[in-house]
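The primary structure of each chain is shown beneath.
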Amino acid sequence: MKKKKLVVLVSGNGSNLQAVIDGIKMSSIDYTIEAVVSNKKDAFALTRAEREGIKTLYLPFKKGSSRNEYDALLAEKVSGFKPDYVLLLGWMRILTDSFIASFKDRLINLHPALPGTFPGTEAIERQYEAFMKGEISRCGIMTHFVPDEGVDSGPIIFAEEVPIFKNEGLEDFEKRVHEAEHALVIKTLKAL
């Protein structure tokens, strides 16, 4: 059977990318990563990809250009790799509808919060603080399809709770969230 092709969009450390790389190496998922694309030159995720011989592309957002211009170029570059799925693993830009339409039903985001809670950046910190203040009773993570420009709000693939303890520090909670994310991204890819 033909392996499905992935393009992964990243902006940071790339520990979830590493989970996908490891899953492919261990044959627990049947994919190839065609390219890793980042809008941040110093994203460690690019280094992770380069070490594995995966094509990388640094595509900065140029001052003075519009979101639509940037996303048109991004869509063109990503389409060139003919991906079955595009994974957003720590991609820190809101994509335009025109980009999203280029990958209809094939664009998947991983987000460190439960559906309908803490969209956008710093979700781990925000849910931790809300839990510690007694504002919420559950924390978690999810994978979802990206159908439009709504932030972290598309149709859910999987959502899982990540336990949090009253006396634990943010660092410990964050570590467990990342471990849970690594497992969830593999579970999601197996289910597609």
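Novice: Could you give an account of the side chain of Asp-152, naming the residues involved and the relevant values?
Specialist: Relative to the helices and strands, Asp-152 resides in the loop between β6 (140–145) and β7 (156–161). Here Asp-152 sits buried without a salt bridge, and the closest side chain of opposite charge, Arg-126, lies 6.3 Å off (N-O distance). A polar contact of 2.7 Å, which involves the side chain of Asp-152, links it to the backbone nitrogen of Gly-120. Excluding anything up to four places from it in sequence, Asp-152 contacts Asn-109, His-111, Pro-119, Gly-120, Met-142 and His-144.

Novice: Lay out the sheet that holds β7 with the relevant residues and their values.
Specialist: For sheets, the rule is that strands pair by backbone hydrogen bonds, running either parallel or antiparallel. If you trace the 7 strands from one edge of the open sheet to the other, you get β3-β2-β1-β4-β5-β6-β7, paired in mixed fashion. The two strands at the open ends of the sheet, each matched to only one other strand, are β3 (56–58) and β7. Within this sheet the neighbouring strands show an average axis-to-axis angle of 15 degrees, counted without direction. Examined bridge by bridge, strand β4 (residues 85–88) and strand β5 (residues 107–111) share 3 bridges and lie parallel to one another. Residue Val-86 lies in a different strand from β5, and its bridge partner there is Leu-107. Against the sheet, helix α3 (residues 67–79) makes contact with β1 (4–10), β2 (31–38), β3 and β4, and its axis sits at roughly 150 degrees relative to β1, the strand it touches most.

What counts as what
Residues numbered from 1 in each chain as written. Predicted model: local features only at pLDDT ≥ 70, side-chain atom pairs only at ≥ 80, totals over all residues. Heavy atoms only, no water. Helix = DSSP H or I, 4+ residues; strand = E, 2+ residues; numbered from the N terminus. Buried < 20%, exposed > 50% of the residue type's maximum accessible area, 1.4 Å probe, protein only. Lys, Arg positive; Asp, Glu negative; His and termini not counted. Salt bridge = Lys/Arg side-chain N within 4 Å of Asp/Glu carboxyl O. Polar contact = N/O pair within 3.5 Å; in protein donor to acceptor, adjacent residues only side chain to side chain. Contact = heavy atoms within 4.5 Å. Pairing = 2+ DSSP bridges. Axes fitted to C-alpha atoms, helices over the stretch in contact; angles between N-to-C directions.

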